[in-house]
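Listed here are the chains, written in short residue letters.
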Amino acid sequence: LSQLARSNERFKSAAYVVAVLINLIIISTFEASQHTRDSSPTTLNTEGFEIDSDLDWLESPLTILGYVQTGIQGIVWIFYVINFTKLHVIREWKNIRSRFKERAGPTAFASGQGRIGVRQLLAEGPPLKSDGSQTKKRLSFLAYIVYYLVSAFYVFTDSIFVYYTISLVMSILGNFVNYAFFTFHLLDIMVRNETLKNVVRAVTFNWKQLVMTLVLMVIIIYIFAVVAFFRFRPLYELQVDFGGSTSTQYVCDSLIQCVMVTLDSGLRSGGGIGDFMAEPGWQATNQDFQPEYIAFKISFFILIIVVMLNIIFGIIIDTFADLRNLKN
């Protein structure tokens, strides 16, 4: 098994080298065949793009490398399915059994001789043989089906299996849809490097806190967008250049449009949504309008840019520090 594991590591290293070569060819040879503003493609196909005519001899090596990448990704995927998915399923069922033992002591499987139903299976896990390995012989017909359905669920929720499956799919799409899908394989460096693993864990470890904080931030932004729609809609304007002539487009004509613009421009602007909105001016007709506008953009800046974003950054930074302390 150790020899197979080393061989699999070699295949993964080869896959990453091939991915780097593919992307080097893509970045150095691809160019747009059309250069007008309204000719940008709207689908993930290769229409409108071509390889530089001076480097068209690289098209054949690129195709060969693409198929090699797909073959290697397929080997890695098959190796993981054969050697590790079964172990992952057994481990998950053992976790169910361990939790049951903590609640109720030794299970009834040790001495019982009857058939095992669905409820007992999901509560205690599958029965064990005398040597401690799992067996399915005493499961009822329905429990037998549920066992394989739950086991399939454990397989498809295994993050490593999902990652290898996506890598294989991306490789196939890279060959038959667009070479851009091969860029996904460069992310394999996060799986292979322990430092980058900790960076990813810093985001995923406390994911519930991050998700709930993001939900709260989106709700607050939505409230600001509703206020803007009913009070500051004329200030949501965008200057668009069409062939040398500039025109003004209002981008808060509907509430959903106003929400999307507030979410997009409000988060990307360093000063919040106030950096995107037009200034109402200090004319006499706008004196009642100006204080509300100032309060609106300052409150958005404080609540979203200063408070909420820094809370999110603080959660990530604290998690990274905790992971480093645990490692030490």
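When helices and strands are tallied, the protein chain shows eleven helices and four strands. Within the protein chain, buried positions represent 34% of all 328 residues. In the protein chain, the proportion of contacts linking residues at least 24 apart, taken out of those at least 6 apart, comes to 63%. If you sum the accessible surface of the protein chain, you get close to 20200 Å²; carbon and sulfur atoms cover 64% of it.

The subject of this paragraph is the state of the cysteines. Per the counting criterion, the structure on display carries one disulfide. Note that Cys252 is cross-linked by a disulfide to Cys258, the S-S spacing being 2.0 Å. Judged by the sign of its S-S torsion, about -85°, the bond between Cys252 and Cys258 is left-handed. Residue class for Cys252 comes out buried when judged on its relative accessible area of 0%.

With 16 residues, helix α5 (residues 141-156) extends 23 Å between its outermost C-alpha atoms, agreeing within 8% with the 22 Å of an ideal straight helix rising 1.5 Å per residue. Along α5, the residues that are buried comprise Ala143, Val146, Tyr147, Val150, Ser151, Tyr154 and Val155.

Between helix α9 (residues 207-231) and helix α10 (residues 255-268), the shortest axis-to-axis distance is 9 Å and the interhelical angle comes to 120°. Taken together, the axis directions place α9 and α10 in an arrangement best described as oblique. Judged by the sense of rotation from one axis to the other, the crossing of α9 with α10 is right-handed. Contact residues: α9 offers Met217, Ile221, Tyr222, Ala225, Val226, Ala228 and Phe229, while α10 offers Leu255, Cys258, Val259, Thr262, Leu263 and Leu267. When its residues are assigned to classes, the contact of α9 with α10 shows twelve nonpolar, one polar and no charged.

Moving on: the packing of aromatic side chains. Working definition: an aromatic ring pair is given by the centre-to-centre distance plus the angle between the planes. Taken as a whole, this structure holds 19 aromatic pairs when the rule is applied. Taking the centre distance of 5.7 Å and the plane angle of 85° together, the rings of Trp93 and Tyr154 count as edge-to-face. Note that Trp93 is positioned in helix α3 (residues 85-104) and Tyr154 in helix α5, a separation of 61 residues in sequence. Taking relative accessible area as the criterion, Tyr154 reaches 11% and is therefore assigned buried.

Our next topic: the environment of Leu303. Tracing the backbone through its elements, the reader meets Leu303 in helix α11 (residues 289-327). It is 8.7 Å that separates the C-alpha atoms of Leu303 and Met217, two residues lying 86 residues apart in sequence. Ignoring any residue separated from it by four or fewer positions in sequence, one finds Leu303 in contact with Phe224 and Met308.

What follows deals with the nonpolar core. One finds Ile22, Leu62, Trp93, Leu121, Leu139 and Tyr154 to be the most contacted residues of the largest nonpolar core, which totals 29 residues. Looking at this core, the elements that each hand over two or more residues are α1 (2-29), α2 (59-83), α3, α5 and α6 (159-176). For this core, the element with the highest residue contribution is α5, accounting for six residues. Setting aside residues up to four positions removed in sequence, Leu121 forms contacts with Trp93, Ile116, Pro126, Leu139, Ala143, Val146 and Tyr147. Ile221, Phe224, Leu235 and Ile273 belong to the second largest nonpolar core, which has 27 residues in total.

Summing up the model confidence of the protein chain, the mean pLDDT is 80 and the portion of residues at 70 or higher is 78%. Within the model, the stretch residues 39-45 combines pLDDT values under 50 with eight contacts to residues more than four positions away or in other chains.

Together, Trp207, Val211, Met212, Val215, Ile219, Tyr222, Ile223 and Val227 give the surface a local cluster of nonpolar side chains, amounting to about 750 Å² of exposed area. When its relative accessible area of 48% is taken as the criterion, Trp207 is described as partly exposed.

Two numbers describe how α2 lies on α6: the axes approach to 9 Å, and their chain directions differ by 160°. In terms of orientation, α2 and α6 fall into the roughly antiparallel class. Here α2 and α6 pass one another in a crossing that is left-handed. Residues Thr63, Gly66, Tyr67, Gln69, Thr70, Gln73, Gly74, Val76, Trp77, Tyr80 and Val81 of α2 touch α6, and the partners they reach there are Ile160, Phe161, Tyr164, Thr165, Ser167, Leu168, Ser171, Ile172, Asn175 and Phe176. Across the contact of α2 with α6, the residue classes break down as eleven nonpolar, ten polar and no charged.

Counted at 1.5 Å a residue, the expected span for α2 with its 25 residues is 36 Å, and the 36 Å between its end C-alpha atoms agrees. Every buried residue of α2 is accounted for by Leu62, Leu65, Gly66, Gln69, Thr70, Ile72, Gln73, Gly74, Val76, Phe79, Tyr80 and Asn83.

Definitions and limits used
- The residue count restarts for each chain, going from 1 along the sequence in the order it is written.
- Side-chain atom pairs in this predicted model are given and counted only at pLDDT of 80 or more, local residue features only at pLDDT of at least 70, and totals for whole chains, interfaces and linings cover all residues.
- Processing note: side-chain calculations cover all non-hydrogen atoms of the structure and skip hydrogens and water entirely.
- Strands are runs of DSSP state E lasting at least 2 residues, helices are runs of H or I lasting at least 4, and numbering of each runs from the N terminus.
- Buried means the residue's accessible area, taken with a 1.4 Å probe over protein chains only, is under 20% of the maximum for its type, while exposed means over 50%, and partly exposed covers the values in between.
- Note on definitions: a residue-residue contact is assigned when non-hydrogen atoms from the two residues lie within 4.5 Å.
- Here, Shrake-Rupley sampling with a 1.4 Å probe gives the accessible areas, and only protein chains in the shown set may cover a residue.
- Two cysteine sulfur atoms make up a disulfide if the distance between them is within 2.5 Å.
- Expected helix span is computed as 1.5 Å times (number of residues minus one).
- Orientation is described by axes fitted as lines to C-alpha atoms, over the contacting stretch for helices, and by angles from 0 to 180 degrees between their N-to-C directions.
- An angle below 35 degrees is treated as roughly parallel, one above 145 as roughly antiparallel, one from 65 to 115 as roughly perpendicular, and anything else as oblique.
- Throughout, a crossing is termed right-handed when the near helix is turned clockwise from the far one, and left-handed when it is turned anticlockwise from it by less than a right angle.
- Amino acid classes used here: Ala, Val, Leu, Ile, Met, Phe, Trp, Tyr, Cys and Pro are nonpolar; Asp, Glu, Lys and Arg are charged; the rest, including Gly, are polar.
- Only the six-membered ring of Trp is used, alongside the rings of Phe and Tyr, when aromatic pairs are assigned; centres must lie within 6.5 Å, and planes under 30 degrees apart are stacked while those over 60 apart are edge-to-face, with the rest tilted.
- To qualify as a nonpolar core, a set must consist of buried Ala, Val, Leu, Ile, Met, Phe, Trp, Tyr and Cys residues joined through side-chain atoms within 4.5 Å.
- Residue-level confidence of the predictor, termed pLDDT, takes values from 0 up to 100.
- A patch is a set of surface residues, each over 30% in relative accessible area and not in a salt bridge, joined within 9 Å for like charges and within 5 Å for the nonpolar side chains Val, Leu, Ile, Met, Phe, Trp and Tyr.
- Salt-bridge detection follows one rule: a side-chain nitrogen of Lys or Arg within 4 Å of a carboxyl oxygen of Asp or Glu.

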